[in-house]
Amino acid sequence: MSNRIFQTIIHQMRDVVGRTIGVIDENGIVKATGYAQEDRTSSTVNQTSYVENCETSAWGRALGNLGIGIDTSIASVYKPDSGVNIGASGLVYILSTIT
């Protein structure tokens with residue numbers, strides 16, 4: 001299996017960034033994508049690392065959509081590890097999975 005990846009910044013403003021990561025197979029078919037958006041003002045960590053956190057989240061969703069590293073499902077609006085709902089500035093969306 002010879003997958004390739006692509007990534008793009010969808011938007012980057014002063015306090016918000018959105019990023020997409022995708023996985024393409026050897027035939028050029030998109031197998032999975034992941035989208036994330038982070039707001040610099042949403043947490044203490046994001047004050048200095050919102051771009052990096054956005055990329056990491058997008059990677060995690062793309063790999064999860066590919067079936068790597070997940071047990072049952074991928075979190076989006078509700079983060080089970082923290083037990084809190086994410087506000088509008090921290091929403092993370094899953095674009096699609098192509099199988």
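A.B. asks: An account of the overall build of the protein chain is needed here, citing residue identities and associated values.
C.D. replies: Within the protein chain, the secondary structure is distributed over 1 helix and 5 strands. Taken from N to C terminus, the helices and strands of the protein chain fall in the order β-β-β-α-β-β. Taking all 99 residues of the protein chain together, the buried fraction comes to 31%. Pairs at least 24 apart in sequence give 45% of the contacts found in the protein chain among residues at least 6 apart. Summed over all atoms, the accessible surface of the protein chain reaches about 6,000 Å², with 53% contributed by carbon and sulfur.

A.B. asks: Provide a residue-level description of the nonpolar core, including the pertinent values.
C.D. replies: Counting 7 residues, the largest nonpolar core consists of Val17, Ile21, Ala36, Tyr50, Cys54, Ala58 and Ala62. Counting only elements with at least two residues in this core, the list comes to strand 2 (16–24) and helix 1 (46–65). Element by element, the count of residues in this core is highest for helix 1, at 4 residues.

A.B. asks: Go over the sheet that holds strand 2 with me, naming the residues and quoting the values.
C.D. replies: Within the open sheet, the 3 strands sit side by side as 1-2-3. Their pairing is antiparallel. At either end of the open sheet lies a strand with only one pairing partner, and these are strand 1 (4–12) and strand 3 (30–39). Direction aside, the axes of adjacent strands within the sheet are offset by 15 degrees on average. Where strand 1 meets strand 2, 8 bridges bridge the pair, whose relative direction is antiparallel. Residue Arg4 lies in a different strand from strand 2, and its bridge partner there is Ile24. Each of strand 1, strand 2 and strand 3 is contacted by helix 1, which is oriented at about 155 degrees to strand 3, the strand it contacts most.

A.B. asks: Kindly report on helix 1, identifying the contributing residues and their values.
C.D. replies: In a regular helix each residue adds 1.5 Å, so 20 residues correspond to 28 Å; helix 1 covers only 25 Å between its end C-alpha atoms and thus falls short of that length. At Glu52, helix 1 shows its maximal bend, which comes to roughly 40 degrees. Those residues of helix 1 not exposed but buried are Asn46, Ser49, Tyr50, Cys54, Ser57, Ala58, Arg61, Ala62, Gly64 and Asn65. Directly beyond the C-terminal end of helix 1, a positive phi value near 95 degrees is found at Gly67.

Conventions adopted
- As a convention, each chain's residues are numbered from 1 in the sequence order in which they are written.
- It should be noted that, the model being predicted, local features are given only for residues of pLDDT at least 70 and side-chain atom pairs only at 80 or more, the latter also being counted only at that level, while totals for whole chains, interfaces and linings use all residues.
- Processing note: side-chain calculations cover all non-hydrogen atoms of the structure and skip hydrogens and water entirely.
- Helix and strand labels come from DSSP, where a helix needs a run of H or I of at least four residues and a strand needs a run of E of at least two; each type is numbered from the N terminus.
- The cut-offs for exposure are 20% and 50% of the maximum accessible area for each residue type, with area from a 1.4 Å probe on protein chains only; residues under the lower value are buried, those over the upper are exposed, and the others partly exposed.
- Between two residues, a contact is recorded if the distance between any of their heavy atoms is within 4.5 Å.
- Methods summary: accessible areas were calculated by the Shrake-Rupley approach with a probe of 1.4 Å, and residue burial reflects only the protein chains presented.
- In these notes, a set of buried Ala, Val, Leu, Ile, Met, Phe, Trp, Tyr and Cys residues joined through side-chain atoms within 4.5 Å is what counts as a nonpolar core.
- Only strands joined by at least two bridges in the DSSP assignment are considered to pair.
- Working convention: axes come from line fits to C-alpha atoms, limited for helices to the stretch in contact. Angles between N-to-C directions cover 0 to 180 degrees.
- A helix is expected to span 1.5 Å for every residue after the first.
- For a residue, the bend is simply the angle between two axes, fitted respectively to the seven-residue segment ending there and the seven-residue segment starting there.

It is worth stressing that arrangement in space is one thing and function is another; only the former is reported here.
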